[in-house]
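# Residue-level structural notes
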Amino acid sequence: MIKNINYTDENVLNQELDGIFHKSWFFVGLSDKLQNKNDYITYRCGSVSVFVQNFGEQLKCFSNICLHRFNNIHKGNEGNGHVICSYHNWVYDDNGNPMVRSACLKEELTSCSRSKLEQHEVEICGRFVFAKVNKKDSVSLKEFLGTFYDKLFELSSFFQEIINHETIVLNHKANWKLLVENVLECYHCSSVHKETLVPIGIGGKKPENHFYENGHDKVDYPIRTTALQTEREAKLSFLTKTEYSHKSLQHWYIFPNLFISSTAGNLFYVGKLSPEKPNLTNLYAEFVKPTYTGLTKKEGMLLNAYAQASLDSSKRVIFEDRDILEVIQKNLSIILNDKQIFGEEEFRIEAFHQNIKNIINYK
Ligand code: FES
Ligand SMILES: [Fe+2]
């Protein structure tokens, strides 16, 4: 397994950024955020800072660093606007060319190594938008996702709408691998989430239907029948009208930076991570209401109230995890030469480690 030093070392993170995040396709966001002309989403990961924008006819991905004096062109995680840098108002066209009028600036630009914004690949699978900055590797998104391409496509066909107004951004003072390992097991659910997930029957049951391919991973954690769960099912019987029906917490990890979960087909969580430092990782979260059929008007209203309550409780789950991960990160830097121990229910972590060990030469 991977020694703790690999969770704290700057050089290791740089190798991971180059060998993993900057090499493969990575998830940028949901196309729901790119519906209108000039809608954009930004993504920063190590030395890569990009934005994906709707230019009317198509989505394009460019470097988000201005050619003039290297300010970020688009600020924040998402928004709508022309490609204009806020520092000195340089404007870029939809091919990444700066539209400078001054002849002397034009001349200066020709002597720069970059005279237009670098363009990157962008592809979409259902409602999941991915980008790739590595130009040497010609693998398509479909090849990269393999069997998961069709699965993701189908999954997002059940997405109705994002219910949080703005993307939820949560900095974790922890290494990115700890965030991945944490979502790859529900062994901790009965203890860490005893007030949030346990009452709704999640935790304490062996995972089922595990499917793994090329680093991408999906599993079902069956939901137990609890008193609260039975009572809830009776009161909220309309929840069975979801078009994505399953009695489990379904979890997907799309390598390297996308987490998806579905709580019994009643709420989807879509999480994106980006490593910032060995001990700092940003997590961006969206919550999505699935499509339902045959809801009465009253049920529709109840569903909205349910979705809001689930959103609050799901955010609590993320905070509960974060508290633990930040403590672990501190302790890993004390016990550098040891490694974590993974039991039977943590087999998805072993697969994740195997995959990254094939790419990175860990210490
Ligand atoms: S840094 Fe962008 S316009 Fe000056
Ligand atoms: Fe958790």
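Residues numbered from 1 in each chain as written. Chains lettered and ligands numbered in written order. Predicted model: local features only at pLDDT ≥ 70, side-chain atom pairs only at ≥ 80, totals over all residues. Heavy atoms only, no water.

### Considerations on the overall build of the chain
When you go through the chain residue by residue, the secondary structure sums to nine helices and 15 strands. In terms of overall dimensions, the chain is globule-like: its C-alpha atoms have a radius of gyration of 22 Å, near the 21 Å expected for 363 residues. Along the first, second and third principal axes, the C-alpha set of the chain runs to 75 × 60 × 35 Å. Evaluated residue by residue, the chain yields a buried proportion of 53% over its 363 residues. Looking at the chain alone, contacts between residues at least 24 apart form 67% of all its contacts between residues at least 6 apart. Here the chain displays about 17000 Å² of accessible surface, and carbon together with sulfur accounts for 50% of that area. One way to put it: in the chain the 42 positive side-chain charges average out to a point 3 Å from where the 44 negative ones average out. (Helix = DSSP H or I, 4+ residues; strand = E, 2+ residues; numbered from the N terminus. Rg over C-alpha atoms; globule rule 2.2 N^0.38 Å. Buried < 20%, exposed > 50% of the residue type's maximum accessible area, 1.4 Å probe, protein only. Contact = heavy atoms within 4.5 Å. Areas by Shrake-Rupley, 256 points an atom, 1.4 Å probe, with all protein chains shown as cover. Lys, Arg positive; Asp, Glu negative; His and termini not counted. Charge placed at Lys NZ, Arg CZ, Asp CG, Glu CD.)

### Quick notes on the domain arrangement of the chain
We note that the domain assignment places domain 1 (25-133) and domain 2 (152-357) within the chain. Listed per partner, the contact involves 20 residues of domain 1 and 25 residues of domain 2. Of the roughly 1700 Å² buried at the junction of domain 1 and domain 2 (both faces included), carbon and sulfur atoms supply 61%. For the domain 1 face of the interface with domain 2, the top three residues by lost area are F27, R127 and F128, together amounting to 31%. Taken together, the connections running from domain 1 to domain 2 amount to one salt bridge. (Domains from an automatic or database assignment. Buried area = accessible area lost by both parts, 1.4 Å probe. Salt bridge = Lys/Arg side-chain N within 4 Å of Asp/Glu carboxyl O.)

### Things to note about the sheet that holds strand β5 (residues 78-80)
Spatially, β1-β7-β6-β4-β3-β2-β5 is the arrangement adopted by the seven strands of the open sheet, whose pairing is antiparallel. Two strands in the sheet have a free side with no partner beyond their single neighbour: β1 (26-30) and β5. Going across the sheet, the axis of each strand differs from the next one's by a mean of 30 degrees, ignoring polarity. Looking at chain direction, strand β6 (residues 119-125) and strand β7 (residues 128-132) are connected through five bridges and run antiparallel. Paired with E123 across the two strands is F130, which belongs to β7. Strands in contact with helix α4 (residues 148-156) are β6 and β7; relative to β6, the strand with the most contacts, it is inclined by about 65 degrees. (Pairing = 2+ DSSP bridges. Axes fitted to C-alpha atoms, helices over the stretch in contact; angles between N-to-C directions.)

### A look at the packing of aromatic side chains
Under the criterion given, the structure shown has 18 aromatic pairs. Ring centres 4.7 Å apart and planes at 50 degrees place the aromatic pair F159 and F268 in the tilted group. Of this pair, F159 sits in strand β8 (residues 159-162) while F268 sits in strand β14 (residues 268-277), placing them 109 residues apart in sequence. Note on F268: relative accessible area 0%, which makes it buried. The rings of F27, F128, F130, F158, F159, Y244 and F268 are connected pair by pair, giving a single aromatic cluster. (Phe/Tyr/Trp six-rings, centres within 6.5 Å; stacked < 30°, edge-to-face > 60°.)

### With respect to the coordination of the iron ion (ligand 2)
Here the iron ion (ligand 2) is held by H188 (NE2), H193 (NE2), D321 (OD) and D321 (OD), and the distances to it run 2.1 to 2.4 Å. Classification of the site at the iron ion (ligand 2) rests on its four donor atoms, whose angles at the metal span 57 to 141 degrees, yielding the label irregular. Sequence positions of the donors to the iron ion (ligand 2) reduce to the motif H-x4-H-x127-D. For the residue pair H188 and H193, the accessibility class agrees, reading buried in each case. (Donors = N, O, S within 2.8 Å, 3.2 Å for Na, K, Ca; no water. Tetrahedral: all angles 85-135°; square planar, octahedral: opposite > 155°, others 65-115°.)

### Details of the state of the cysteines
Per the counting criterion, the structure on display carries one disulfide. Note that C186 is cross-linked by a disulfide to C189, the S-S spacing being 2.1 Å. Judged by the torsion about the S-S bond (-110 degrees), the C186/C189 disulfide is left-handed. By the burial criterion, C186 is buried, and C189 matches it. Counting only cysteine sulfurs, C45 is the nearest neighbor of C61, a cysteine outside any disulfide, at a range of 12 Å. Not part of a disulfide, C125 finds its nearest cysteine sulfur in C61, a span of 17 Å. (Disulfide = S-S within 2.5 Å.)

### Some details on the side chain of N38
Examined against the element boundaries, N38 turns out to sit in the loop between β1 and β2 (39-45). By relative accessible area, N38 is classed as buried at 11%. Engagement of the side chain of N38 in a polar contact is seen with the side chain of Q53, the distance being 3.0 Å. For N38, the contacting residues outside a window of four places in its chain are Q53, N54, G79, N80, G81 and H82. (Polar contact = N/O pair within 3.5 Å; in protein donor to acceptor, adjacent residues only side chain to side chain.)

### Details of the environment of S262
Inspection of the secondary structure puts S262 in strand β13 (residues 258-263). The sequence separation of S262 and L155 amounts to 107 residues, and the corresponding C-alpha distance is 9.7 Å. In contact with S262, not counting residues within four places along its chain, are Y244, H246, S248, L249, Q250, L267 and F268.

### With respect to the packing of helix α5 (residues 176-183) against helix α8 (residues 297-332)
The geometry of α5 relative to α8 is characterised by a closest axis approach of 10 Å and an angle of 130 degrees between their N-to-C directions. When the axes of α5 and α8 are compared, the pair comes out oblique. Between α5 and α8 lies a crossing of right-handed hand. The residues of α8 that touch α5, namely those facing L178, L179 and N182, are D321, L325, I328, Q329 and L332. Looking at the contact of α5 with α8 residue by residue, the classes come out as five nonpolar, two polar and one charged. (Parallel < 35°, antiparallel > 145°, perpendicular 65-115°, else oblique. Left-handed = near helix turned anticlockwise from the far one by under 90°. Nonpolar A, V, L, I, M, F, W, Y, C, P; charged D, E, K, R; others polar.)

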